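Report on the structure
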Amino acid sequence: MTTILEPSLIPPLGEPRPHPTPVAEETMLANGLRVVMVPRPGVPLVELRLRVPFAAAGARNAGVHAARGAVLSGAVLLGTAQHDQTDIAQLLQTHGAELSVSTDADRLVFGTTLLPGGLGPVLELLAELLTGAAYPAGQVDGERDRLAERIAIARTQPGTIARTALAARRYGTHPYAIQLPDAELVAAVRAPALRRLHRERVLPAGSILVLVGDLDPRQAADTVAAALEGWGGSGKAVETPPVAEQRVDGIQLVDRPGAVQSNLRLGGPAPSRTDPDLPAARLAAMVHGGYFSSRLVENIRERRGYSYSPRSGIEHQRASSSFLVEADVATEVTGPALLETLYELGRMALTPVTEAELDAARRYILGSMALSTSTHAGLASTLSALLGVGLPADWLTTHQRDLTDVTVDEVQAAAARYLAPEALTAVVVGDAGRVAAELGALAPVTVTGSGEQA
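Residues numbered from 1 in each chain as written. Predicted model: local features only at pLDDT ≥ 70, side-chain atom pairs only at ≥ 80, totals over all residues. Heavy atoms only, no water.

**Observations concerning unusual backbone geometry**
For clarity, the cut-off: Labels follow the DSSP assignment, with helices taken as runs of H or I lasting at least four residues and strands as runs of E lasting at least two, numbered in each case from the N terminus.
Here tyrosine 135, not a glycine, exhibits a phi torsion of approximately 50 degrees, which is positive. Mapped onto the secondary structure, tyrosine 135 falls in the loop between α3 (119–132) and α4 (137–154).

Below is the structure:
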């Protein structure tokens, strides 16, 4: 038998627990690789993250670079002179590891979980990939063709179309405008281009290796040095260029004839991780649409039934941070849903949140931070991101303290600056024949035709 407590009988939440400061030890190899180690005994695992700066060298070749980088992230594991793809997988599995490689507009990341005793062999295999990835032509062609097919399919999905259109509208010719590489550019990638890109851009200088888990820092430092000191290269790391964001008035409506849903996306600049406005802006975004008890969810999901999972939040890239609002709604309520979304944004910017709203949002963020870094994997990924933008490991602790100190007035000021509707760029993907007129009652509408067919 299940007993359900009345709300009045449920005890209040306790005070958030202090976020423990990671005890990080660092070393720098002679080749320029920065190594950060965080011992966490108790769970017999080690998390490895290697961040390599991997931005496009300029706007002119950003599309080609994104295409080649996307193929490289899969093809780098296809083999070396010593081991083929199957050998690599078997060697990793021997030590409980399965290496993943990903890339975006800022970085190339190698990541894996491994057993502590396998640190040396896994690092030696990683060194082999870093210095001698073969990119065998036939296998590269297969990897490339599969990726091009997946991208072509992804580009037909309305959520991808909406996010891509918003990024292009906000960033213009900056590399951040490219959310997915063009399938045709991917299809043109060849193995020699990948070998050249790897040689020129996969470099130790500027790269950061993070190790978190059951390890002795001194022994781990010696193991890393033995494996990776031979990783060389004479080039310089390329970081993402500064962003000069453009805001375009009105609504871009990407026509998707016959669509039964419309995808609403709004975005604008937000404070970076180093900006003192960030704690207040995060709390404002949380109150607006960051979790189930937020205003946006209560309005357009719970009260009106327009959308199943509306959300807003702040996302970070190295050269730019964004406040984003997303909602997918039925075609027949597109206009009303956008109106209510704008209303809630305006209400955030013009009226103070309550102390109860601020307290709930603060507890949610602090709890989420603690949960996300409670595992080796979560802490390793978080530290890799923080160190990659020049922040120290103890930022987690100082940010928690800053969140605790934010006042209602500071949240309102941040909302007025970053959440006001006039600060945001708007994109809607939907059936223009059915929604253009009602959207036009809210703002000027520009219709484009790259939304595929429903």
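**Quick notes on the packing of α3 against helix α8 (residues 217–228)**
Keep this limit in mind: For every element, the axis is a line fit to its C-alpha atoms; helices are fit only across the contacting stretch, and the angle between N-to-C directions ranges from 0 to 180 degrees. Working rule for angles: under 35 degrees goes down as roughly parallel, over 145 as roughly antiparallel, 65 to 115 as roughly perpendicular, anything else as oblique. By definition, any crossing whose near helix is turned counterclockwise from its far helix by less than a right angle is left-handed, and any crossing with a clockwise turn is right-handed. Any two residues having at least one pair of non-hydrogen atoms within 4.5 Å are treated as being in contact. Charged means Asp, Glu, Lys or Arg here, nonpolar means Ala, Val, Leu, Ile, Met, Phe, Trp, Tyr, Cys or Pro, and polar covers whatever is left, Gly included.
Across the interface, α3 lies against α8 with an axial gap of 8 Å and an inter-helix angle of 30 degrees. For the element pair α3 / α8, the angle class is roughly parallel. Crossing hand, α3 versus α8: right-handed. Counting all contacts with α3, which are made through Leu119, Gly120, Leu123, Glu124, Ala127 and Leu130, the residues of α8 involved are Ala220, Thr223, Val224, Ala227 and Leu228. When its residues are assigned to classes, the contact of α3 with α8 shows eight nonpolar, two polar and one charged.

**Looking at α4**
To be explicit about the condition: Multiplying one less than the number of residues by 1.5 Å gives the expected span of a helix. Each residue's exposure class comes from its accessible area (1.4 Å probe, protein chains only) as a fraction of the maximum for that residue type: buried when under 20%, exposed when over 50%, partly exposed otherwise. In this description, the arc belongs to the directions extending from the helix axis to the C-beta atoms.
In this model α4 runs 25 Å from its N-terminal to its C-terminal C-alpha over 18 residues, within 8% of the 26 Å that 1.5 Å per residue would give. Val140, Glu143, Arg144, Leu147, Ala148 and Ile151 are the residues of α4 that are buried. Down the axis of α4, the buried set is contained in an arc of 135 degrees. They therefore lie on one face. Exposed residues on α4 whose side chains face more than 90 degrees from its buried face are Gly138 and Glu149. In this fold, the buried residues of α4 make contact with α1 (62–75), α6 (183–187) and α7 (191–201).

**Considering the sheet that holds strand β6 (residues 208–213)**
Note the following rule: DSSP bridges decide pairing: two strands pair if at least two such bridges lie between them.
Spatially, six strands are ordered β1-β2-β6-β3-β5-β4 in an open sheet, and the strand pairing comes out mixed. The sheet terminates laterally at β1 (25–28) and β4 (100–103), the two strands that pair on one side only. The sheet shows a mean angle of 15 degrees between the axes of neighbouring strands, taken without regard to direction. Note: strand β3 (residues 46–53) against strand β5 (residues 107–114), eight bridges, orientation antiparallel. Paired with leucine 50 across the bridge in β5 is phenylalanine 110. Against the sheet, helix α13 (residues 376–388) contacts β2 (34–39), β3, β5 and β6, and its axis sits at roughly 155 degrees relative to β6.

**Looking at the side chain of glutamate 143**
Secondary-structure assignment places glutamate 143 in helix α4. Under the relative-accessibility criterion, glutamate 143 is labelled buried at 15%. With near-sequence residues (within four places) excluded, glutamate 143 lies in contact with Val71, Gly74, Ala75, Leu78 and Arg150.

**Comments concerning the sheet that holds strand β7 (residues 251–255)**
An order of β9-β10-β8-β11-β7-β12 is seen for the six strands of this open sheet, with the pairing classed as mixed. Both edges of this open sheet fall to β9 (311–316) and β12 (445–448), since each of them pairs with a single strand only. Pairs of neighbouring strands in the sheet enclose a mean axial angle of 20 degrees, with direction left out of account. Note: β7 against β12, four bridges, orientation parallel. If you follow valine 254 over to β12, its bridge partner there is threonine 448. Docked against the sheet, helix α9 (residues 278–290) engages β9 and β10 (321–330), running at close to 150 degrees with respect to β9.

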